[in-house]
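Architecture and fold: a report
Letter by letter, the chains look like this.
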Amino acid sequence: MFGIILVSHSQKITDGTKEMIEEMTGELEGVRVISAGGTGDGRLGTNSVMIMDYIEACQDCDHILIFCDIGSAILSSETAIDLIEDDGLKGKVEIMDCPLVEGAFAAAVQASVSQNKQLVVAELSHL
C-alpha cells in the first residue's frame with residue numbers, strides 16, 4: 001500500500017489535486033491519497049503537526065510519498081518527518097522532488113499498477 005500525501009499552502013490545491021487523481025483513476029487499489037494543504041484552520045500556509053498526523057495515519061502503508069508545491073511546504077514536511085518518533089515509520093516516508101500535481105498523479109497511477117517503490121519513483125524522473 002502506498003500513501004500519497006499532498007502538501008501545499010492552499011487546501012484548495014490539494015483537495016483539487018486529490019479530486020482529480022480520484023476522478024481520473026477511479027478507485028485505485030493499493031493507493032491512499034491524502035490532502036494536507038493549508039494550515040488546518042482555513043488559512044494559507046502549511047502545518048507540520050497536521051502533516052505529521054497524516055503521516056501517522058498512513059502507518060499501515062508500506063511507502064509514504066509526500067508531494068509539495070513550494071519551499072516552505074518542503075520545510076514543513078521535513079519538520080513533520082523529524083517530529084515522528086517511530087523510526088520504522090520515518091523510514092517509510094520520502095519527499096518527492098517533482099511537480100505536485102503531475103508527480104502525485106503519475107505516482108498514484110504507477111502505484112496502482114505496481115507496488116514496487118523503485119518503479120513508482122522511476123516514473124517520476126520523466127517529469
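Notes on the structure follow. Numbers given for residues are sequential positions, taken from 1 along each chain in its written order. Thresholds applied to this predicted model are a pLDDT of at least 70 for local features of residues and 80 or more for the giving and counting of side-chain atom pairs; totals over whole chains, interfaces and linings are not thresholded and use all residues. No hydrogens and no water enter the side-chain calculation; it runs on all heavy atoms of the structure.

**Considering the overall build of the chain**
For the purposes of this entry, the term helix denotes a DSSP run of H or I that reaches at least four residues, the term strand denotes a run of E that reaches at least two, and both are numbered from the N terminus. Within the chain, the regular secondary structure consists of six helices and four strands. Each helix and strand of the chain, ordered N terminal to C terminal, gives the series β-α-β-α-β-α-α-β-α-α. Radius of gyration means the value over C-alpha atoms here, while the globule rule gives 2.2 Å times the residue count to the 0.38 power. The globule rule puts the C-alpha radius of gyration for 127 residues at 14 Å, and the 13 Å found for the chain is close to it. Structurally, the chain occupies a C-alpha span of about 35 × 30 × 25 Å along its principal axes. A simple rule labels every residue: compare its accessible area, found with a 1.4 Å probe on the protein chains alone, to the largest value its type can have, and call it buried under 20%, exposed over 50%, or partly exposed in between. Counting all 127 residues of the chain, 44% fall into the buried class.

**Points about the sheet that holds strand 3 (residues 63-68)**
By the convention used here, strands pair only if DSSP detects at least 2 bridges between them. Spatial ordering of the open sheet is given by 2-1-3-4, a layout of four strands whose pairing is parallel. With partners counted over all chains shown, the strands left at the sheet margins are strand 2 (31-35) and strand 4 (93-95), one partner each. Adjacent strand axes in the sheet meet at a mean angle of 20° when their direction is disregarded. Pairing of strand 3 with strand 4 involves three bridges; the strand directions are parallel. Paired with Ile64 across the two strands is Val93, which belongs to strand 4. The contact rule is simple, with two residues in contact once any of their heavy atoms fall within 4.5 Å. Angular values range over 0 to 180 degrees, each being the angle between N-to-C directions of two axes fitted as lines to C-alpha atoms, with helices fitted over their stretch in contact. Against the sheet, helix 1 (residues 11-25) makes contact with strand 1 (2-7) and strand 2, and its axis sits at roughly 155° relative to strand 2, the strand it touches most. Together, strand 1, strand 2 and strand 3 form the strand contacts of helix 5 (residues 100-113), whose direction differs from that of strand 1 by roughly 170°.

**Concerning the packing of helix 2 (residues 48-57) against helix 3 (residues 71-83)**
The N-to-C vectors of helix 2 and helix 3 enclose an angle of 60°; their axes lie 8 Å apart at closest approach. When the interaxial angle is binned, helix 2 and helix 3 end up oblique. Pair helix 2 / helix 3 crosses with right-handed handedness. Here Ser48, Val49, Ile51, Met52 and Ile55 of helix 2 come into contact with helix 3, specifically with Ser76, Ser77, Thr79, Ala80, Ile81 and Leu83. All residues other than Ala, Val, Leu, Ile, Met, Phe, Trp, Tyr, Cys, Pro, Asp, Glu, Lys and Arg, Gly among them, are scored as polar; the first ten of these are nonpolar and the last four charged. A breakdown of the residues in the contact of helix 2 with helix 3 according to their chemical character gives seven nonpolar, four polar and no charged. Here the word oblique covers every angle except those under 35 degrees (roughly parallel), over 145 (roughly antiparallel) and from 65 to 115 (roughly perpendicular). Take the far helix as the reference: if the near one is turned anticlockwise from it by less than a right angle, the crossing is left-handed, and if turned clockwise, right-handed.

**Considerations on the pattern of salt bridges**
Note on definitions: salt bridges are taken to be side-chain nitrogens of Lys or Arg within 4 Å of carboxyl oxygens of Asp or Glu. Following the criterion strictly, the structure yields four salt bridges and no others. Here Glu22 and Lys18 are joined by a salt bridge, their closest N and O atoms 2.8 Å apart. One end of the pair, Glu22, and the other, Lys18, are both in helix 1, four residues apart, so they sit about a helical turn from each other.

**Comments concerning the pairing of strand 3**
Within strand 3, six of the six residues are buried, which leaves the element mostly enclosed by the surrounding structure. Side chains of strand 3 alternate between two faces, with His63, Leu65 and Phe67 and Ile64, Ile66 and Cys68 buried alike. The pairing of strand 1 with strand 3 spans six bridges and is parallel. Looking at the pairing, Val7 lines up with Cys68 of strand 3.

**A look at helix 2**
The complete set of buried residues in helix 2 reads Ser48, Met50, Ile51, Met52 and Ile55. The elements touched by buried residues of helix 2 are strand 1, strand 3, helix 3, helix 4 (87-90) and strand 4. N or O atoms closer than or at 3.5 Å make up a polar contact, with two conditions inside protein: a donor-capable atom paired with an acceptor-capable one, and, for residues adjacent in sequence, both atoms drawn from side chains. You can read the cap of helix 2 off the contacts: a side-chain oxygen lies 3.0 Å from the backbone nitrogen of Val49, and it is on Asn47.

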